[in-house]
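If you want the building blocks of each chain, they are given just below.
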Amino acid sequence: RITERLGLEETSRIMKLQILCSIQGHQPQHFTATQAAQGPIQPGLEPLQGWTGHPQPLWAVKCIEVVEAYIERIREVNPLINAVVKDRFEEALQEARQVDQLLAEGRTDDSLEKYPFLGVPFTVKEAFSLHGMPNTSGLVKRRCVIAATDAIVVGRMKQAGAIPLGVTNCSELCMWFESSNKVYGRTNNPYNLQHIAGGSSGGEGSVLAAACSVIGVGSDVGGSIRMPAFFNGVFGHKPTTGVVPNDGQFPIAQGVRRSFLCTGPMCRYAEDLEPMLRVMAGPEVHKLKLDENVSLEKIKFFCMDHDGGSMFVYPVEKEILQAQKKVVEHLESDLGVQVQRVSIHKMKYSFQIWSAMMSSQDSDGTEAQCFTELLGDHGKPVWPLWELLKWLVGMSSHTLPAIALGLTEKVMKLSPSLNAKLVSMGKSLQTEMETLLGTDGVLLYPPHPTVAPRHHYPICMPFNFAYTAIFNVLGLPVTQCPLGLSSEGLPLGIQLVAASYNDRLTLAVARYLEEAFGGWVPPGKA
């Protein structure tokens, strides 16, 4: 069981700030990024002493106090979870003072529209460039690499007024679902330190769940946003392919992988997903038609309990199935809809399809960069068998999962005819899913066969990520939604899937399920 230090209730300063900053009088504990950046005095807020009633956002809590509270929180619990691997606290405090100065001058009418996240603290996955911060992606050979610029999405968040607190841990080269590497060590799950935080955006999942940050930037090529969001009981969204730019992160996606890698938002509260997505997508956001109203009663809901019984993947745990069943029952009783159960045969081959499509050529014949080349980081490609021997005697600078992935990649290339067949199956599955979901469909699907496993266990169940990975190669938008805690006190959850460019449907359903099932549960309350 996690120590009481990770219980949000024990951090009285943050709780007081959240109560003061609430604009939802009936839910004072909910301090979302959207609420934090809103304008004039609202019900539940006390105006500053001497306030004359002029419609200016004179807050009882200043930006500097909010940022200080989150810095204090990080310093308190990060020694336990090891999520933030490099901070920029001094810079963040200076930027918070600038926000307070802006507000004190009364220049808020234009500012709040121009800066929708004005003064909101956020964190960034270390794989993204954040000026002045390391950008190693957990690779020892990049230990000395410092970002000289911001990734596009990071720059857009900063331009929207958000204040970065630091960068968070990931798996080596972002290709494993436990965030552990030889540069920063291992990140722990705030609900139980003996369990994983997921990967590769595991640092983000952990830091958000532990209430050390308000919102975060993650990336996803096989479930790297959604698995950490699931394991840590927060929200995460993998957007439709090609809407949010991936520029400015390492490794840089090449070939077909440019179509599979997605950058997206992570947060504790569902209502923050859409405004983050708007900022991160920039001019491409119009493709998602987020301004269109969503009528939940008119959505066609589909449900699939498992992948059909893949020999490579563990069976879905009973509590995850029960949580999904409760969602189905609630949708049918509360909205009056009929949730249709479906069985999509090709989903049984999710892992094989993802693996084949990740290593396939794109339309102009360009091949994806080999993982062994990425491990070499512009040097000689790593020889995985030799690295395995070195690892056995404690001499390798790489993690075992990275070495194993290099070996798997070599094996996959031994059968080009089988790979071609699997790529064709993937394209057929994509057409089948798009047809099924149409413009008004949402699929309910498990995010993983198990709740967050113990550290090192993923190496014994290496292909379980197929439950999330399949949607990367299909290009579909997916929102990960928390559904309370298991009997072990570990988060439960569900994936919400829609057809391409229908992100607004999954985001709307996530907001609805948060209200129905409670959303994020503070660690220590289990």
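In the nomenclature of an unreviewed UniProt entry, the chain corresponds to Fatty acid amide hydrolase 2 from the organism Chrysolophus pictus. In its Sequence similarities (unreviewed entry) section, UniProt records this for the chain: "Belongs to the amidase family."

Focus on the overall build of the chain
Counting secondary structure elements, the chain contains 18 helices and 15 strands. A total of 526 residues make up the chain; the buried ones form 60% of that total. Of the contacts formed within the chain by residues at least 6 apart in sequence, a portion of 76% connects residues at least 24 apart. Roughly 20700 Å² of accessible area belongs to the chain as shown, and the carbon and sulfur atoms make up 53% of that amount.

Quick word on the packing of aromatic side chains
Evaluated as defined, the whole model comprises 11 aromatic pairs. On the numbers, 6.1 Å between centres and 85° between planes, the contact of Tyr269 with Trp520 is edge-to-face. Linking Tyr269 in the loop between strand 10 (262–267) and helix 10 (273–281) with Trp520 in the segment after helix 18 (503–517), this pair joins segments that are 251 residues apart in sequence. Take Tyr269 and Trp520: they sit in the same class, and that class is buried. By the ring-pair criterion, three or more aromatic residues cluster together here, those being Trp176, Phe177, Phe312, Phe351, Trp354, Phe463 and Phe465. The aromatic ring of Phe250 is capped on one face by Arg142, whose charged end is 3.7 Å from the ring centroid. Positioned over the ring face of Trp520 is Arg268, at 5.0 Å from the centre of the ring.

Thoughts on the pattern of salt bridges
The tally for this structure, following the rule as stated, stands at 12 salt bridges. Residues joined by salt bridges that share partners form a network here, namely Glu274, Arg278, Asp291 and Arg511.

Concerning the packing of helix 12 (residues 350–358) against helix 16 (residues 416–437)
Running from N to C, helix 12 and helix 16 point in directions that differ by 110°, and their axes come no closer than 8 Å. Classed by the angle they form, the pair helix 12 and helix 16 counts as roughly perpendicular. Residues Gln352, Ile353, Ala356 and Met357 of helix 12 form the contact with helix 16, whose participating residues are Asn419, Leu422, Val423, Met425, Gly426 and Leu429. Broken down by class, the residue content of the contact of helix 12 with helix 16 amounts to 7 nonpolar, 3 polar and no charged.

With respect to the side chain of Thr241
Its location among the elements puts Thr241 in the loop between strand 9 (235–238) and helix 9 (257–260). Engagement of the side chain of Thr241 in a polar contact is seen with the backbone oxygen of Ser259, the distance being 3.1 Å. Excluding anything up to four places from it in sequence, Thr241 contacts Ser259, Cys262, Asn472, Gly475 and Tyr501.

Regarding the UniProt feature "active site" (unreviewed entry) in the chain
With numbering matched to this structure, UniProt assigns "active site" (unreviewed entry) to Lys125, Ser200 and Ser224. Despite a sequence span of 100 residues, these residues sit close together in the fold, their greatest C-alpha distance being 10.7 Å. Note on placement: Lys125 falls in strand 2 (residues 121–125). Other than its neighbours up to four places away in sequence, Lys125 contacts Thr168, Cys170, Cys174, Ser200, Ser201, Glu204, Val217, Gly218, Ser219 and Ser224.

Details of helix 11 (residues 318–335)
With 18 residues, helix 11 should cover 26 Å at 1.5 Å per step; its first-to-last C-alpha distance of 25 Å lies within 8% of that length. What helix 11 keeps buried is the set Ile320, Ala323, Gln324, Val327, Val328, Leu331 and Leu335. Along helix 11, the residues classed as buried sweep out an arc of 140° about the axis, all on the same side. Opposite the packed face of helix 11, turned more than 90 degrees from it, sit the exposed residues Lys318, Lys326 and Ser333. Elements that come into contact with the buried residues of helix 11 comprise helix 8 (226–231), strand 11 (300–303), strand 13 (441–445), strand 14 (478–485), strand 15 (491–497) and helix 18.

Quick notes on the nonpolar core
Grouped together as the largest cluster of nonpolar side chains are 145 residues, with contacts concentrated most on Phe117, Met157, Ile215, Phe301, Leu443, Leu444 and Phe471. Here this core takes 10 residues from helix 3 (residues 63–81), the largest share from any one element. If you look at the next biggest cluster of nonpolar residues, it comprises 7 residues, including Leu173, Leu374, Leu375 and Val382.

Overview of the packing of helix 10 against helix 18
In the contact formed by helix 10 and helix 18, the axes pass within 10 Å of each other and the chain directions differ by 150°. Viewed along their axes, helix 10 and helix 18 adopt a mutual orientation that is roughly antiparallel. Counting all contacts with helix 10, which are made through Leu273, Glu274 and Leu277, the residues of helix 18 involved are Asp503, Leu507 and Arg511. Across the contact of helix 10 with helix 18, the residue classes tally to 3 nonpolar, no polar and 3 charged.

Considering a nonpolar patch on the surface
Together, Trp383, Leu385, Trp386, Leu389, Trp391, Leu392, Val393 and Met395 give the surface a local cluster of nonpolar side chains, amounting to about 920 Å² of exposed area. By the secondary structure assignment, Trp391 is in helix 14 (residues 384–392).

Here we look at the environment of Leu335
As for its placement among the helices and strands, Leu335 is situated in helix 11. Among the residues examined, Leu335 registers a relative accessible area of 13% and is labelled buried. Measuring from C-alpha to C-alpha, the distance between Leu335 and Glu297 comes to 5.6 Å, with 38 residues separating the pair along the chain. Beyond its immediate chain neighbours, meaning those up to four positions away, Leu335 contacts Leu296, Glu297, Phe301, His330 and Tyr512.

Here we look at the sheet that holds strand 9
Pairing in this open sheet of 11 strands is mixed, and the strands run 1-3-2-8-10-9-14-15-13-11-12 from one edge to the other. The two strands at the open ends of the sheet, each matched to only one other strand, are strand 1 (84–87) and strand 12 (340–341). Where strand 13 meets strand 15, 3 bridges bridge the pair, whose relative direction is antiparallel. Its bridge partner lying in strand 15, Leu444 is registered against Leu496. Docked against the sheet, helix 16 engages strand 11, strand 13 and strand 15, running at close to 120° with respect to strand 13.

Scoring rules and cut-offs
- Residues numbered from 1 in each chain as written.
- Predicted model: local features only at pLDDT ≥ 70, side-chain atom pairs only at ≥ 80, totals over all residues.
- Heavy atoms only, no water.
- UniProt positions renumbered as here; feature names shortened; annotations may be inferred.
- Helix = DSSP H or I, 4+ residues; strand = E, 2+ residues; numbered from the N terminus.
- Buried < 20%, exposed > 50% of the residue type's maximum accessible area, 1.4 Å probe, protein only.
- Contact = heavy atoms within 4.5 Å.
- Areas by Shrake-Rupley, 256 points an atom, 1.4 Å probe, with all protein chains shown as cover.
- Phe/Tyr/Trp six-rings, centres within 6.5 Å; stacked < 30°, edge-to-face > 60°.
- Lys NZ or Arg CZ within 6 Å of the ring centre and 35° of its normal.
- Salt bridge = Lys/Arg side-chain N within 4 Å of Asp/Glu carboxyl O.
- Axes fitted to C-alpha atoms, helices over the stretch in contact; angles between N-to-C directions.
- Parallel < 35°, antiparallel > 145°, perpendicular 65-115°, else oblique.
- Nonpolar A, V, L, I, M, F, W, Y, C, P; charged D, E, K, R; others polar.
- Polar contact = N/O pair within 3.5 Å; in protein donor to acceptor, adjacent residues only side chain to side chain.
- Expected span 1.5 Å × (residues − 1).
- Arc of directions from axis to C-beta.
- Core = buried A, V, L, I, M, F, W, Y, C linked by side-chain atoms within 4.5 Å.
- Patch = residues over 30% accessible without salt bridge, like charges linked within 9 Å, V, L, I, M, F, W, Y side chains within 5 Å.
- Pairing = 2+ DSSP bridges.

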